[in-house]
Amino acid sequence: MSSANRLGRLVVAIALLFLSATAVCQQPIQVLFLGDRGHHKPAERSRQLIPYLLHRGIKVHYTESMGDITPGNLAHYDALLLYANIGSIHPARAKAILDYVDGGGGYVPLHCASYCFNNDVRMIALTGGQFQRHRTGTFRTVITKPDHPIMKGFEGFESFDETYVHHKHNDQGRTILSRRRTDGEDEPWTWVRSQGKGRVFYTAWGHDQRTWSKPGFHDLVERGLRWATGDDNPAGTIANRKVLAPFHYKKAKVAYYPPGGPRRGDGDWPEMQLPLDAEESVKHMITPAGFEARLFAAEPEIRPAIAMSWDARGRLWICESIDYPNRRQGKGEGHDSIKICEDTDGDGRADKFTVFADKLSIPTAITFAGGGVIVQQAPDTLFLQDTDGDDKADVRKKLISGWGTGDTHAGPSNLQYGLDNQVWGMLGYAGFNGQVGGESVRFGSGFYRLPPDGSKLEFIRSTNNNTWGIGFTEDGLVFGSTANGNPSCFMPIPNRFYAKVAGMRANTLGRSADTPRFLPITKKFRQVDVHGGYTAAAGHAVYTARTYPQSYWNRRAFVTGPTGKLVGTFDLIRKGANITTTNPFNLVASDDEWTGPIMAEVGPDGHVWFIDFYNYIIQHNPTPVDHKRGKGNAYETPLRDKKHTRIYRVVYQNAGPQRAMDLSKASPAQLVGALSHRNMLWRRHAQRLLVERGKSDVAADLVKLVANQGVDAVDLNVGAIHALWTLHGLGLLDGSNKPALQAATAAVQHPSAGVRRNALAVLPASAKSAHAILAAGSLNDDDAQVRLAALLALSDMPSSQAVGAMVYAISVEPRNAEDPWMTDA
């Protein structure tokens with residue numbers, strides 16, 4: 001063979017290898033599935049379709065938010081799939097869809113989607129026809145274009161469904177692929193259209209679970225999606241598509257079943273999926289397009305993680321526990337630890353692991369304060385400190401004792417350093433009963449706070465059941481989540497205000513979310529109660545950075561639902577002094593049956609990080625037949641895994657690199673500058689370090705920050721808010737520093753409502769402060785949260801006739817009289 005021929009063959013071989021690699025590494029098709037809460041139950045139907053498509057290389061992100069129908073968001077997706085009963089559409093949303101399709105996007109309306117957006121004739125024309133009427137029956141359609149790329153090799157299927165009849169047909173650019181010929185009718189049933197550079201696929205199939213469970217329906221939708229996104233040979237692609245590796249199973253005595261499945265104790269034990277390695281498991285996660293879950297750390301370098309926090313150097317600290325749930329040990333005899341996880345080379349993966357403290361037993365929360373870390377390990381609150389710089393705790397001190405130990409999943413959790421320089425946390429029904437600062441303290445499920453030195457413990461407000469989540473907005477509003485049926489609750493007024501009024505008590509906080517349901521992408525989830533809803537909700541981290549798109553900034557929170565294998569996204573909706581929430585989509589959802597997100601927080605890079613507990617058995621109780629409870633009050637089963645755990649970052653891909661920070665050796669001026677950082681994590685550390693430093697030489701710079709009248713895109717001036725609380729934490733608002741007090745007083749009229757609200761909260765309880773609040777017109781502020789803060793601030797101040805007259809005057813205004821929180825205030 002000549003050298004030329006050999007060279008030619010080598011070139012061909014290299015080209016074939018490249019093409020093969022390209023085929024294997026082909027990016028998944030990204031689809032936005034828009035549903036609603038109508039009678040067709042799109043969320044339930046999506047669970048029948050999404051896992052199939054995921055394993056076929058098509059990632060479908062489910063949403064019920066019309067807010068996702070924007071040009072910027074649609075640009076991330078290859079196709080928009082619609083299955084809903086949405087009667088009308090705003091002109092701007094319709095234009096976004098029409099422009100998207102004209103520009104080359106795919107549009108895939110299914111079944112009832114042909115009766116959506118009826119107020120806009122352009123949307124009806126885009127679909128190609130509109131539903132008119134129906135009966136029901138079991139039938140098979142007739143394929144009329146067997147040579148069309150979608151229909152090649154497609155044999156059709158039979159199913160019970162609604163016998164749609166359409167009208168307002170748009171034949172322009174439309175090709176009918178199949179027809180329903182039953183009951184004497186010859187009705188177009190599945191068709192495609194071209195519009196601009198885009199493609200439309202529609203089928204009338206899909207009334208309920210009977211059709212959505214059919215392999216033929218899955219195949220048809222996959223073909224339609226591939227064609228709509230530009231594939232001219234979907235049948236060939238499907239035949240050669242490299243799919244995800246199949247799950248492997250073994251027989252196991254599994255304790256719980258989804259609703260409608262076999263009951264425990266009947267002897268019909270199902271097969272149990274075996275675990276996947278971390279790199280394979282992440283392939284089973286669906287995120288919004290433009291976002292990607294990336295592994296940061298996993299076993300064997302880390303052990304089961306149940307809490308996390310970041311230090312002033314941006315290093316991740318985790319609480320590891322293999323004693324959880326039933327193996328709590330005595331002091332110094334535990335098998336658990338606090339571990340520092342570092343990414344030393346900047347590649348996004350932890351490569352250095354240091355045990356900061358060992359011989360702990362079930363540490364459930366951690367935060368930074370007082371030059372060390374505060375750790376909850378029932379029955380104690382511990383202070384751990386490294387004094388010689390070797391990243392090993394050489395100080396261990398008990399701050400508080402009295403946390404209940406009767407149930408290891410009902411104790412204290414989720415410590416957070418608050419704007420008020422207090423450490424906040426949540427408590428479940430195990431309760432607290434002990435002596436703190438010379439006082440007897442006793443309370444159950446709910447919010448609490450304590451100063452970093454543990455000299456006091458304040459019960460803030462009761463929640464309605466076992467509680468694991470807390471979160472703060474950038475302007476200091478407080479939220480929580482409870483385990484069962486209450487994934488989001490708003491805490492507007494602490495107990496201490498009610499306690500000042502004879503005969504008045506604070507009610508238990510109810511649900512702020514419009515529904516307790518969650519949105520898993522698979523039917524294979526096990527629950528014991530709140531079936532189909534948040535039965536193990538944990539965390540409530542508000543998005544408090546600027547790395548994600550603006551729609552997230554201070555407006556969305558993240559609640560984990562481990563039984564549903566998801567991290568839910570909750571929109572915060574402000575109405576008067578109340579805030580309600582809704583969960584229209586997930587940040588992360590998986591069909592890996594071991595995945596169990598238990599904590600999600602905004603990390604130092606502004607991306608959301610989450611702990612995947614990665615355990616087939618997430619549930620703590622109740623006790624199944626043939627099982628017994630251990631000393632942690634959880635049922636005993638050998639299926640509880642003690643090896644696996646993962647930590648992921650949900651990266652927004654358009655964000656670009658984030659500059660690393662290290663405040664541990666920052667100068668006072670650098671710390672003041674960090675109070676305006678784009679990420680609240682760094683602002684809180686900077687505030688804490690300035691307060692712990694305890695020096696007033698930064699007062700003038702803090703006053704300048706407070707005086708800054710700037711307002712950002714979400715009506716905030718974060719630097720001014722943190723400067724106010726830093727001045728407060730340094731004791732400079734008690735009248736000892738006149739410029740500081742003047743700045744705080746002037747800030748009650750700041751252009752940002754968030755600054756006004758926090759200025760009211762830091763003012764000293766004095767007659768001068770009360771006069772300043774009245775003079776500023778705070779009780780008539782356009783923002784209800786400012787009016788609420790003004791009333792609470794005045795309730796701490798000396799009484800006066802002027803205040804009384806003004807409070808009475810605003811109390812009869814409808815906007816206040818009809819607002820429950822304003823009425824209480």
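Before any of the text, the structure's been laid out above.
Residues numbered from 1 in each chain as written. Predicted model: local features only at pLDDT ≥ 70, side-chain atom pairs only at ≥ 80, totals over all residues. Heavy atoms only, no water.

(A) How the structure looks around the packing of aromatic side chains. A complete count under the given rule lists 40 aromatic pairs for this structure. Their ring planes at 25 degrees and their centres at 5.7 Å tell us that Phe-432 and Phe-443 sit as a pair that is stacked. Of the two residues, Phe-432 is situated in strand β27 (residues 432–436) and Phe-443 in strand β28 (residues 439–443); the sequence distance between them amounts to 11 residues. Pair check on accessibility: Phe-432 and Phe-443 agree, each one buried. (Phe/Tyr/Trp six-rings, centres within 6.5 Å; stacked < 30°, edge-to-face > 60°. Helix = DSSP H or I, 4+ residues; strand = E, 2+ residues; numbered from the N terminus. Buried < 20%, exposed > 50% of the residue type's maximum accessible area, 1.4 Å probe, protein only.)

(B) Spatial organisation of the packing of helix α12 (residues 680–693) against helix α14 (residues 718–729). Their axes nearest at 9 Å, the elements α12 and α14 cross at an angle of 25 degrees. Judged by the inter-axis angle, α12 sits roughly parallel to α14. Of the two possible hands of crossing, α12 and α14 adopt the one that is right-handed. Residues Met-680, Arg-683, Arg-684, Gln-687, Leu-690 and Val-691 of α12 lie in contact with α14, whose contacting residues are Val-718, His-722, Trp-725, Thr-726 and Gly-729. Grouping the constituent residues of the contact of α12 with α14 by class yields 5 nonpolar, 4 polar and 2 charged. (Axes fitted to C-alpha atoms, helices over the stretch in contact; angles between N-to-C directions. Parallel < 35°, antiparallel > 145°, perpendicular 65-115°, else oblique. Left-handed = near helix turned anticlockwise from the far one by under 90°. Contact = heavy atoms within 4.5 Å. Nonpolar A, V, L, I, M, F, W, Y, C, P; charged D, E, K, R; others polar.)

(C) Main features of the packing of α14 against helix α16 (residues 753–762). Running from amino to carboxyl end, α14 crosses α16 at an angle of 5 degrees, the nearest separation of the two axes being 9 Å. With respect to their mutual orientation, α14 and α16 come out roughly parallel. Along its contact with α14, which presents Ala-720, Ile-721, Leu-724, Trp-725 and His-728, the element α16 presents Gly-754, Val-755, Asn-758, Ala-759, Ala-761 and Val-762. Across the contact of α14 with α16, the residue classes tally to 8 nonpolar, 3 polar and no charged.

(D) Here's a closer look at the nonpolar core. Of all hydrophobic cores here, the largest spans 193 residues; its most connected members are Ile-338 and Tyr-548. In terms of residue count, helix α18 (residues 784–795) provides more of this core than any other element does, 9 residues in total. Non-local contacts of Ile-338, meaning those with residues more than four positions away in its chain, are made with Trp-317, Ile-318, Cys-319, Thr-354, Val-355, Phe-356, Ala-357, Leu-360, Pro-363, Ile-366, Val-375 and Leu-384. (Core = buried A, V, L, I, M, F, W, Y, C linked by side-chain atoms within 4.5 Å.)

(E) Quick peek at the state of the cysteines. All told, the structure shown has 0 disulfides when counted by the stated rule. The structure places no disulfide on Cys-116, whose sulfur is separated from the nearest cysteine sulfur, that of Cys-112, by 6.1 Å. For Cys-116, a relative accessible area of 4% gives the class buried. You can see Cys-319 has no disulfide; the closest cysteine sulfur is in Cys-341, sitting 11 Å from it. (Disulfide = S-S within 2.5 Å.)

(F) Structural context of helix α15 (residues 738–746). For α15, the complete set of buried residues consists of Ala-740, Ala-743 and Ala-744. Taken end-on, α15 shows its buried residues confined to a sector of 95 degrees, consistent with a single buried face. Here the buried face of α15 lies against α13 (699–707), α14 and α16. Between a side-chain oxygen at the N-terminus of α15 and the backbone nitrogen of Ala-740 the separation is 3.0 Å; the capping residue is Asn-737. (Arc of directions from axis to C-beta. Polar contact = N/O pair within 3.5 Å; in protein donor to acceptor, adjacent residues only side chain to side chain.)

(G) Highlighting the sheet that holds strand β38 (residues 597–602). Strand order in this open sheet of 4 strands is β16-β40-β39-β38, and the pairing throughout is antiparallel. Each edge of the open sheet carries a strand with a single partner, namely β16 (291–298) and β38. Adjacent strand axes in the sheet meet at a mean angle of 25 degrees when their direction is disregarded. As paired elements, strand β39 (residues 608–612) and strand β40 (residues 646–652) share 5 bridges and run antiparallel to each other. When the sheet's bridge partners are listed, Asp-612 is paired in β40 with Arg-646. (Pairing = 2+ DSSP bridges.)

(H) Structural context of empty space enclosed by the protein. Within the structure shown, the criterion is met by 6 cavities of 30 Å³ or more. For the largest cavity, the calculated volume is near 390 Å³. What lines the largest cavity is a set of 24 residues, among which Ser-309, Gln-416, Glu-601, Leu-681 and Arg-684 lie closest to the centre. At the level of elements, β17 (305–310), β21 (365–369), β25 (412–417), β31 (467–472), β34 (538–542), β38 and α12 are the ones that each hand at least two residues to the lining of the largest cavity. With 5 residues, α12 is the largest single contributor of residues to the lining of the largest cavity. In terms of residue class, the lining of the largest cavity is built from 14 nonpolar, 7 polar and 3 charged. (1 Å grid on protein atoms, 1.4 Å probe; cavity = no way out; pocket = protein on both sides within 12 Å on 5 of 7 lines; lining within 4 Å. Points joined across faces, edges and corners; volume = space filled by probe spheres on them.)

(I) Summary view of the side chain of Gln-376. Following the sequence through the fold, Gln-376 ends up in strand β22 (residues 372–377). A relative accessible area of 0% places Gln-376 in the buried class. Polar side-chain contacts of Gln-376 include one of 2.6 Å to the side chain of Thr-381. Here Gln-376 is in contact with Ile-362, Pro-363, Thr-364, Ala-365, Thr-381, Trp-403, Pro-412, Leu-415 and Tyr-448, once residues within four sequence places are set aside.

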